[in-house]
Amino acid sequence: MPEIRLEGVAKYYKVETRKHMAVRDIDLKIQQGEFVFLIGSSGAGKSTILKLLGGMIPPDEGTAYLDNISMSRFFGPWQYRLRRTFGCVWQEPWLIRKSTVYENLFLTARSGGMKNKHINAAIAKSLGLVGIQEMAKRYPAELSKGECRRVELARALICSPSVLLLDELTADWDDDNIWDAMHLLDELNRRGTTIVMSTHASKYVNIMRRRVVTLVDGKIAGDVPNGRYGDISRGGRNGTGGFLRR
Ligand code: ADP
């Protein structure tokens, strides 16, 4: 059961000749089975934290651990371990445009090590979970942005990962779609899947009352169990709120 930990982590991006700090002084432990909302303004560092948690990018300072093993050790064939552990939806579209929905999911299942004989059932199941079974034969260009996000979620779910990392999953959805997704994520979480999702959907954060980690200017400003959007007191009980509250 994976535990993910960022210890003293900083990440810089090179912009022309300068180093731009994206996140710094990040100490964050996420245990198996947690449901964590990552919130903050645009540019606060949410995507960077998700990519660090999933071992997609290496930290420039500090260490990212998966089960107490530095993720820097998961290179070459060991990357397989990361692929099996994490199901991800990133802000940038990852679907292959010239392949159908079915083919996109097939490739993900194969690269996750699934045997051919199980793949059709897994594709049907994951498309069913996100409510788009009938779209298997379509190409991404024939889908709306919101439908593409559903396909990406199906793709993230197909290998039954232990951890879901979701970056602005709900950005292109209306209230009904967000409700459906939150129900699905809640159910998956109750069955043991760890969920870390960045979102601006304050209404749903406030209804769900899960752990809320707030980023401000690349640093953790709040980490509140059973929190609400805008709670910023670290650790302990619910925060004083006010900041970012909607
Ligand atoms: P958020 O997800 O909260 O919007 P990001 O993690 O995407 O924040 O970005 C954090 C900071 O890092 C921002 O200032 C952003 O401009 C910068 N940044 C992110 N990715 C890159 C990149 N590839 N190159 C340069 N700067 C980047």
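Quick note: structure is the one above.
Cut-offs applied
- Residues numbered from 1 in each chain as written.
- Predicted model: local features only at pLDDT ≥ 70, side-chain atom pairs only at ≥ 80, totals over all residues.
- Heavy atoms only, no water.
- Helix = DSSP H or I, 4+ residues; strand = E, 2+ residues; numbered from the N terminus.
- Rg over C-alpha atoms; globule rule 2.2 N^0.38 Å.
- Buried < 20%, exposed > 50% of the residue type's maximum accessible area, 1.4 Å probe, protein only.
- Contact = heavy atoms within 4.5 Å.
- Areas by Shrake-Rupley, 256 points an atom, 1.4 Å probe, with all protein chains shown as cover.
- Lys, Arg positive; Asp, Glu negative; His and termini not counted.
- Charge placed at Lys NZ, Arg CZ, Asp CG, Glu CD.
- Salt bridge = Lys/Arg side-chain N within 4 Å of Asp/Glu carboxyl O.
- Near = heavy atom within 4 Å.
- Polar contact = N/O pair within 3.5 Å; in protein donor to acceptor, adjacent residues only side chain to side chain.
- Nonpolar A, V, L, I, M, F, W, Y, C, P; charged D, E, K, R; others polar.
- Core = buried A, V, L, I, M, F, W, Y, C linked by side-chain atoms within 4.5 Å.
- Expected span 1.5 Å × (residues − 1).

(A) Fine view of the overall build of the protein chain. On a plain count of helices and strands, the protein chain comes out with seven helices and ten strands. For a compact globule of 246 residues, the expected C-alpha radius of gyration is about 18 Å, and the protein chain comes in at 18 Å, within 12% of that figure. Projected onto its principal axes, the C-alpha positions of the protein chain cover 50 × 40 × 40 Å. Here the protein chain holds 246 residues, and the buried ones make up 52% of them. Pairs at least 24 residues apart make up 63% of the contacts formed inside the protein chain by residues separated by at least 6 positions. Here the protein chain has roughly 12,200 Å² of accessible surface; of this, 50% comes from carbon and sulfur atoms. Between the centroid of the 37 positive side chains of the protein chain and the centroid of its 27 negative side chains there is a distance of 4 Å.

(B) Structural detail: the side chain of Ser126. Turning to its location among the elements, Ser126 is positioned in helix α4 (residues 116-129). Residues within four places of Ser126 in sequence aside, it is in contact with Leu105, Ala154, Leu157 and Ile158.

(C) Examining the pattern of salt bridges more closely. Applying the stated criterion across every chain yields a total of eleven salt bridges. The partner of Lys203 in a salt bridge is Asp175, and the shortest N-O contact between them spans 2.7 Å. Taken together, the residues Lys203 in helix α7 (residues 202-208) and Asp175 in helix α6 (residues 175-190) connect sequence positions 28 residues apart. Overall, Lys203 belongs to the partly exposed group, its relative accessible area being 43%. Assessed through its relative accessible area of 39%, Asp175 is described here as partly exposed. What you see here is one network of salt bridges that share partners, running through Glu3, Arg5 and Glu7.

(D) The arrangement of the site of the ligand in detail. Residues in contact with the ligand, as listed here, are Tyr13, Val15, His20, Ala22, Ser41, Ser42, Gly43, Ala44, Gly45, Lys46, Ser47 and Thr48. At 2.9 Å from an oxygen atom of the ligand is found a side-chain nitrogen or oxygen belonging to His20. Here the ligand loses 64% of its free accessible area of 550 Å² to cover by the protein chains. Only β1 (4-15), β2 (18-30) and α1 (46-53) provide two or more residues apiece to the shell around the ligand. No other element matches the three residues that α1 contributes to the shell around the ligand. Looking at side-chain class alone, the shell around the ligand contains four nonpolar, seven polar and one charged residues.

(E) Expanded view of the nonpolar core. Core analysis: the largest hydrophobic core is formed by 44 residues, its most contacted members being Phe37, Leu127, Leu153, Ile158, Leu164, Leu166 and Leu185. Contributions of two or more residues to this core are made by β3 (35-39), α3 (101-111), α4, α5 (145-157), β7 (163-167), α6, β8 (194-198) and α7. Setting aside chain neighbours within four positions, we find Leu153 in contact with Val89, Val130, Leu166, Leu169, Trp173 and Leu184. By size, the runner-up hydrophobic cluster in this structure holds 29 residues, among which are Val23, Met71, Trp90 and Val213.

(F) Fine view of α4. Spanning 14 residues, α4 covers 20 Å between terminal C-alpha atoms, matching the ideal 20 Å at 1.5 Å per step. Residues of α4 that are buried include every one of Ile119, Ala122, Ile123, Ser126 and Leu127, and no others. Considering only its buried residues, α4 is in contact with α3 and α5.

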